[in-house]
Amino acid sequence: MCGIVGYTGAKSAIELLLDSLEMLEHRGYDSVGIGCVEDNKGMVGIQKCVGRVHDLRKECEKQPMHSTCGIGHTRWATHGGVYTKNAHPHQCGKVTLVHNGIVENYRELTEDYELQGKLRSETDTEVVAALLDRYYQGDAEEAIKRVVQKLKGTFALVMMFEEEPGTIYAIRNVSPIVAAECERGMMLASDLTALGNFTKKYFVVPEYCVLKMTKDKMVITNLDGEGVEPQMQVLDWKVSGLGKEGYPFYMEKEIMEQPNVFAETIKRRIFKGMPDFSADGLSDDVLMSCKRICIVACGTAMHVGLITQALVKSILHMHIDVELASEFMYSDPVLDKDTLVIAVSQSGETVDTLEAFKYAKKCGATCLSVLNVRGSSISRVSDYVLYTEAGPEIAVASTKAYTTQLAVMYLMVAKMAFLRGALSEEETKAYIQELQNVPSKMEEILDRKKEIHVIAKEVLESKDLFMIGRGMDYSILLEGSLKLKEVSYIHSEAYASGELKHGPIALITEHTPVVALVTQGRIMSKELSNIKEVKARGANVVLFIKEKLATQLKEDYNVVTLPDLEDKFMVFPAIVALQLLAYYVSSDKGFDVDKPRNLAKVVTVE
Ligand code: M6R
């Protein structure tokens, strides 16, 4: 996590750093800081505070300074609480440093090099600053090279040394750093979002190479001192000019965008009514030859995996595992060249997913990713990439990324089913036709958002809440429940309704709120029995149900009917309704919907 930015050039650095940090707040927003070389003095001045970039802006206005070289950081706390002393940059002797990642052996380093007396914060980062200062004898590159070889864990380090005003150094392991020469000077950042306003050409700093950035040039050398040529890339991704377009929060705007971005995502992959991935460079052979599929992802993206699993099992009758990326490597996964490993990720930067994917690649698996952000770290290690057309997703709670990732997955399953003879051409076309009906059904539920706003009042005051359903409904609720808990802070648990009587039903008392979802005709009667069981114990049930199945139930419960689609496609209207529920609960409670506490949009620590 954490956003990093650095600038050196002829223009004023402070505004540029603050503006860029604002664009990096998706990486963390616990505290923020900048370190800038004061023009004419050569000293590095630090400004930092707990809170957001707009808070730091006010601090900087109080003590204006002129600088054309500086580094900045927006923090998501790992080691050490959310205090100003733990905010970056950290300064030790002649070294000023910002860091993204975790230095796992910071305790050992502190002891081995007797650094205690030098440390003022509780962070792992300051240990690196102290160590650099220890090794620095006038040659910054030498000090960096010696120090990084002692570090365990992932890191992106960006540094300034007092004796070299105007020069910024960077080095990384796993955690990304991108850099570019722009009109205004030289810039680097933890991700492209911060560079997009200034340039379209950039390069990724290679791992374990030192980047030296002065006002007019950048030089990269490896640990043996050999020069390394940067591999220039072009940014084909809109990162600027984004606004809320009249919505109070990005989350609402992004929920409302779903019909359009879903349609965009499938449009260019349907040819003559059939799924077609030729523009993505994905050959039929890749989809034909694999014997099993393994999906690795985290959070919402992992929930995409669960829906895909249900689809693959029912249509393709194929072996498919869905693994939490953070557990993957440590669960001794069985992988070989016949396994298609699919990483699903909005940001393409989630370090658990990235590391799981790299591991899969090492084991010889074919690696396909479904991503939203172009040019991200996961894209760079993929054999094949399928991009969604969600556009930049700003709200921490993922909404349009989920439905567009599913759009790609639904198409891929159709393609595989046709290639493998599980669906005839006619059946494949009917399936694709139903997928094309999804946007209008999402529109229908969005048009009724006021109704969901009213229903949201039923759960507004709850501390704990259950979401129950079976089969695909259970998988949908895992995502619905994640949405609710992350933005409303209500403790929400999704449960397979058949499991309730094996324990959790003990928690159901008079008025316990229970959100039930019923969209699957073949298990409807069983789902309804489970709903009756909680109702009989006094639960206040809010029922989201497919219109066609709802006929006699409207009197018994608070009901939201969901526009009809074939059962396998009901995830789309259902999740839109649950996203709206979460959104309204959070906004009615007066929370910062887009930036829930303790979270960050991009998760780059393990
Ligand atoms: O960028 P990714 O899709 O890899 O992120 C994975 C999760 O951190 C993410 O889906 C998270 O669970 C959502 N933001 C929750 O809404």
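The present account deals with the structure reproduced in this document. (Residues numbered from 1 in each chain as written. Predicted model: local features only at pLDDT ≥ 70, side-chain atom pairs only at ≥ 80, totals over all residues. Heavy atoms only, no water.)

1. Concerning the overall build of the chain
Then, number 1: Within the chain one finds 18 helices and 26 strands.
Then, number 2: Expected size for 606 residues packed as a compact globule is a radius of gyration near 25 Å; at 26 Å, the chain falls within 12% of this value.
Then, number 3: Each of the three principal axes of the chain carries a C-alpha extent, and together these read 80 × 55 × 45 Å.
Then, number 4: Within the chain, residue pairs in contact and separated by at least 24 positions form 71% of the contacts whose partners lie at least 6 positions apart.
Then, number 5: Side chains of the chain give 69 positive and 84 negative charges; the mean places of these two sets differ by 1 Å. (Helix = DSSP H or I, 4+ residues; strand = E, 2+ residues; numbered from the N terminus. Rg over C-alpha atoms; globule rule 2.2 N^0.38 Å. Contact = heavy atoms within 4.5 Å. Lys, Arg positive; Asp, Glu negative; His and termini not counted. Charge placed at Lys NZ, Arg CZ, Asp CG, Glu CD.)

2. Observations regarding the nonpolar core
Then, number 1: Judged by nonpolar contacts, the single largest core of 92 residues is most densely connected at Ile293, Ile342, Tyr410, Tyr431, Phe544, Phe572 and Leu581.
Then, number 2: The element that contributes the greatest number of residues to this core is helix 18 (residues 571-588), accounting for 13 residues.
Then, number 3: Among the domains, domain 2 (242-444) and domain 3 (450-588) are the pair contributing at least three residues each to this core.
Then, number 4: Those residues in contact with Phe544 that sit more than four places away from it in its chain are Val515, Ala516, Leu517, Val518, Val560, Leu562, Ala577, Leu578 and Leu581. (Core = buried A, V, L, I, M, F, W, Y, C linked by side-chain atoms within 4.5 Å. Buried < 20%, exposed > 50% of the residue type's maximum accessible area, 1.4 Å probe, protein only. Domains from an automatic or database assignment.)

3. As for the packing of aromatic side chains
Then, number 1: Tallied over the full model, the rule gives 13 aromatic pairs.
Then, number 2: Relative to Tyr208, the ring of Phe155 has its centre 5.8 Å away and its plane inclined at 85°; by these criteria the two rings are edge-to-face. With Phe155 in strand 7 (residues 153-161) and Tyr208 in the loop between strand 11 (201-204) and strand 12 (209-213), this residue pair connects regions lying 53 residues apart in the sequence.
Then, number 3: Looking at Tyr208, the relative accessible area reads 28%, which means it is partly exposed.
Then, number 4: Measuring from ring centre to ring centre gives 6.1 Å for Phe328 and Tyr359, while their planes differ by 85°; the resulting arrangement is edge-to-face. One end of the pair, Phe328, is in helix 10 (residues 325-328); the other, Tyr359, is in helix 11 (residues 351-362), and 31 residues separate them in sequence.
Then, number 5: One aromatic cluster is present, built from ring pairs that chain together Phe262, Tyr410, Tyr431, Phe569 and Phe572.
Then, number 6: Positioned above the aromatic ring of Tyr29, the side-chain terminus of Lys595 is 5.9 Å from the ring centre.
Then, number 7: Over the aromatic face of Tyr489 sits the side chain of Arg597, whose NZ or CZ is 3.8 Å from the ring centroid. (Phe/Tyr/Trp six-rings, centres within 6.5 Å; stacked < 30°, edge-to-face > 60°. Lys NZ or Arg CZ within 6 Å of the ring centre and 35° of its normal.)

4. Re the site of the ligand
Then, number 1: Around the ligand sit 15 residues in total, of which Ser345, Gln346, Ser347, Thr350 and Glu486 are the nearest.
Then, number 2: Side-chain polar atom of Thr350 to an oxygen atom of the ligand: 2.4 Å apart, as the coordinates give it.
Then, number 3: Contact between the ligand and Lys483: an oxygen atom at 3.0 Å from a side-chain N or O atom of the residue.
Then, number 4: Going through the elements one at a time, helix 9 (299-316) and helix 16 (472-488) are the ones with two or more residues in the shell around the ligand.
Then, number 5: Across the shell around the ligand, the residue classes break down as six nonpolar, seven polar and two charged.
Then, number 6: Three or more residues apiece are contributed to the shell around the ligand by two domains, here domain 2 (242-444) and domain 3 (450-588). (Near = heavy atom within 4 Å. Polar contact = N/O pair within 3.5 Å; in protein donor to acceptor, adjacent residues only side chain to side chain. Nonpolar A, V, L, I, M, F, W, Y, C, P; charged D, E, K, R; others polar.)

5. Here we look at the sheet that holds strand 12
Then, number 1: Taken in spatial order, the six strands line up as 5-6-7-8-12-13 in an open sheet, and their pairing is antiparallel. Lying at the two open borders of the sheet, with one neighbouring strand each, are strand 5 (90-92) and strand 13 (218-222). Sheet twist, expressed as the average angle between the axes of neighbouring strands with direction ignored, equals 20°.
Then, number 2: Note that strand 6 (residues 95-103) and strand 7 share nine bridges and pair antiparallel. Bridging across to strand 7, Asn100 finds its partner in Ala156.
Then, number 3: Helix 4 (residues 125-135) rests against strand 5, strand 6 and strand 7 of the sheet, and its axis sits at about 135° to strand 6. (Pairing = 2+ DSSP bridges. Axes fitted to C-alpha atoms, helices over the stretch in contact; angles between N-to-C directions.)

6. Section: the side chain of Thr96
Then, number 1: Considering the arrangement of structural elements, one finds Thr96 in strand 6.
Then, number 2: Side-chain polar atoms of Thr96 contact the side chain of Gln91, separated by 3.1 Å.
Then, number 3: Setting aside residues no more than four positions away along its own chain, Thr96 makes contact with Val44, Ile46, Ile71, Pro89, His90, Gln91, Val158, Met159 and Met160.

7. Re the pattern of salt bridges
Then, number 1: The final tally for this structure, using the stated rule, is 36 salt bridges.
Then, number 2: With a shortest N-O distance of 3.7 Å, Glu444 and Lys441 are connected by a salt bridge. One end of the pair is Glu444 and the other is Lys441, both in helix 14 (residues 425-447) and three residues apart, which spans about a single turn.
Then, number 3: The exposure class assigned to Glu444 is partly exposed, which follows from its relative accessible area of 37%. (Salt bridge = Lys/Arg side-chain N within 4 Å of Asp/Glu carboxyl O.)

8. Looking at helix 9
Then, number 1: A rise of 1.5 Å per residue sets the reference length of helix 9, with its 18 residues, at 26 Å; its end C-alpha atoms lie 25 Å apart and thus fit the reference within 8%.
Then, number 2: Burial analysis of helix 9 places 14 of its 18 residues in the buried class, the great majority of the element. (Expected span 1.5 Å × (residues − 1).)

9. A short note on the sheet that holds strand 19 (residues 339-345)
Then, number 1: Taken in spatial order, the five strands of this open sheet run 18-17-19-20-21, and their pairing is parallel. Taken across any chain shown, the strands that pair with only one partner, and hence form the sheet edges, are strand 18 (319-324) and strand 21 (384-387). Here the strands of the sheet are splayed against their neighbours by 20° on average, with no regard to which way each runs.
Then, number 2: Pairing analysis gives five bridges linking strand 17 (residues 292-297) to strand 19, with the strands arranged parallel. Paired with Ile293 across the bridge in strand 19 is Leu340.
Then, number 3: Seen against the sheet, helix 13 (residues 400-419) touches strand 17, strand 19, strand 20 (366-371) and strand 21 and runs at an angle of roughly 160° to strand 19.

10. Things to note about the side chain of His73
Then, number 1: For His73, the position within the fold is in strand 4 (residues 69-75).
Then, number 2: For His73, a relative accessible area of 0% gives the class buried.
Then, number 3: At 3.3 Å, the side chain of His73 and the side chain of His88 are in polar contact.
Then, number 4: Those residues in contact with His73 that sit more than four places away from it in its chain are Cys2, Gly3, Ile4, Leu21, Ser31, Val32, Gly33, His88, Val98 and His99.

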